[in-house]
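The residues making up each chain are set out below.
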Amino acid sequence: MILKELYDLTRNMLHAAGVEDHEFDTGCLFEDILKADKLALMLRGGEEVPEPDADRLMAAAEKRCSGIPLQYILGKWEFFGRTFFVGEGVLIPRPDTEVLVEKVIEHFQKAGNLSPEICDLCSGSGCIAITIKKELPKAVVHAVELSSDAMPYLIKNIRHNGADVKIIKGDVLDGRIIENFADPDDFGEFRKIDAVIANPPYLTDKEMTELSREVKHEPELALRGGADGLKFYRAISALWKEILAPGGLMAFEIGFEQGAAVKDILEKSGYSNVNIYKDYAGNDRVVTGVN
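Throughout this document, residue positions are counted from 1 along each chain, in the order its sequence is written. Reporting of local features is limited, given that this is a predicted model, to residues whose pLDDT is at least 70; pairs of side-chain atoms are given and counted only at 80 or more, and all residues count toward the totals for whole chains, interfaces and linings. To get the side-chain values, take all heavy atoms of the structure and skip hydrogens and water.

K.L.:
Got a minute to help me understand the pairing of strand 4 (residues 140-145) in this structure?
P.N.:
Looking along a regular strand, one sees the side chains alternate between the two faces of the sheet. Taken across its six residues, strand 4 has five buried, putting it largely inside the fold. Pairing between strands is defined by DSSP: at least two bridges between the two strands are required. Each helix is a run of H or I in the DSSP string that is no shorter than four residues. Each strand is a run of E no shorter than two, and both are numbered from the N terminus. Sheet topology places strand 4 next to strand 5 (residues 165-169); five bridges connect them, and they run parallel. Looking at strand 5, one finds that A143 is bridged to I167. Relative accessible area decides the class of each residue, using a 1.4 Å probe on protein chains only: under 20% of the type maximum gives buried, over 50% gives exposed, and in between gives partly exposed.

Here it is, written out as structure tokens:
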């Protein structure tokens, strides 16, 4: 089959399967598997595609038609201009999360603190922790993750991006985890860090029953936030305040309808200067507060 015919076949397959952005997804599959972009299609559209390559393309297209996310099929995705490896068991990096990273970086740049100690909770692929470390090279960054399925991606992405991020494996809701920050010089006390940030699970039980077929492939552990979606915000705001320095930053990504609720949680937990920031679509996406 020639390249142009294979492209049309793939695009039509994805369209018939209800893939929303079938044109974009087809282009990504062709670039990744056949190294053929739009220019190649114009210049080499009449060339025959070797059968093994065509078979690999068709196998990937069939996976996409079945609802498997494009990012899992490609095995990687871009975040903040860097490549992160992803697959079954780890949350896919999304552009909205870049707002959280931007606000954290902006906070420390304005404060003139370019070597803060930061803890990224529910780290998953590590896209937040790694990006902050690359953008603030003098920072000390910890990535906390519970999932054994996500851990290999976190490790691989740290190595791939050359980021000196320290990994802590554990449950961010378990009080024992902050023992990792015990002060070696003061028994029973904790070292104080400059920021705790998190993109925690925040979908409600109802929302979990309404997931798209693509999102259903992502790990429930990274999605389910309790009956009202606020379980992690309540727990993290209280528990991790213990190691947050006076003036330290607590920063969350949130669901677009959770701004007021998370702001209220932070204020009732004793945080000041609580702000809500919007994503690129104009939806509430980040809430920050100062200890």
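K.L.:
Would you explain the packing of helix 2 (residues 22-34) against helix 4 (residues 51-65) in this entry?
P.N.:
The geometry of a pair of packed helices is captured by two quantities: the angle between their axes and the separation between those axes. Think of each axis as a best-fit line through the C-alpha atoms, taken over the contacting stretch in the case of a helix, with angles from 0 to 180 degrees between the N-to-C directions. For the pair helix 2 and helix 4, interaxial distance at closest approach is 10 Å and the crossing angle is 145 degrees. Note that helix 2 runs across helix 4; the crossing there is right-handed. Contacts between helix 2 and helix 4 involve D25, L29, F30, I33 and L34 from the former and D53, R56, L57, A60, A61 and R64 from the latter. Its residues assigned to classes, the contact of helix 2 with helix 4 comprises seven nonpolar, no polar and four charged. The crossing is said to be left-handed when, going from far helix to near helix, the turn is anticlockwise and less than a right angle, and right-handed when the turn is clockwise. What makes two residues a contact is simply this: any of their non-hydrogen atoms within 4.5 Å. Under the convention adopted here, Pro, Cys and the residues Ala, Val, Leu, Ile, Met, Phe, Trp and Tyr are nonpolar, Asp, Glu, Lys and Arg are charged, and Gly plus all remaining residues are polar.

K.L.:
Mind showing me how you'd approach the pattern of salt bridges here?
P.N.:
One side chain can pair with another of opposite charge once the charged atoms of both are near each other. Each salt bridge in this description consists of a side-chain nitrogen of Lys or Arg and a carboxyl oxygen of Asp or Glu lying within 4 Å of one another. Following the criterion strictly, the structure yields 23 salt bridges and no others. Between D53 and R56 there is a salt bridge, and its shortest N-O distance comes to 3.3 Å. With a gap of three residues between them, D53 and R56 both fall in helix 4, about one helical turn apart. R56 gets classed as partly exposed once you look at its relative accessible area, which sits at 45%. Its salt-bridge partner being D96, residue R285 comes within 3.6 Å of it at the nearest N-O pair. Linking R285 in strand 9 (residues 284-290) with D96 in the loop between strand 2 (82-85) and helix 6 (97-111), this pair joins segments that are 189 residues apart in sequence. According to the relative accessible area criterion, R285 is buried, its value standing at 7%. Members of the salt-bridge network, linked through shared partners, are K4, D8, R11 and E23.

K.L.:
Just to check I follow, could you spell out helix 1 (residues 3-16) for this structure?
P.N.:
Here, expected helix span is obtained from the residue count minus one, scaled by 1.5 Å. In a regular helix each residue adds 1.5 Å, so 14 residues correspond to 20 Å; helix 1 covers 20 Å between its end C-alpha atoms and thus fits that length. Of all the residues in helix 1, the buried ones are L3, L6, Y7, D8, T10 and L14. Looking at the buried positions of helix 1, the neighbouring elements they touch are helix 2, helix 3 (38-44) and helix 4. Directly beyond the C-terminal end of helix 1, a positive phi value near 85 degrees is found at G18.

K.L.:
Quick question: what am I supposed to make of the packing of aromatic side chains here?
P.N.:
When we look at a pair of aromatic rings, we describe it by the centre distance and by the angle of the planes. Note on aromatic pairs: the rings of Phe, Tyr and Trp (six-membered ring only in Trp) are paired at centre separations within 6.5 Å, and the planes decide the class, stacked below 30 degrees, edge-to-face beyond 60, tilted for the rest. Going through the model one piece at a time under the given rule, you end up with five aromatic pairs. Consider the rings of Y7 and F30, whose centres lie 5.2 Å apart with planes at 70 degrees: the pair is edge-to-face. Pair noted here: Y7 is in helix 1 and F30 is in helix 2, with a separation of 23 residues, a long-range link. For the residue pair Y7 and F30, the accessibility class agrees, reading buried in each case.

Treat this as a map of the structure, not an account of what it does.
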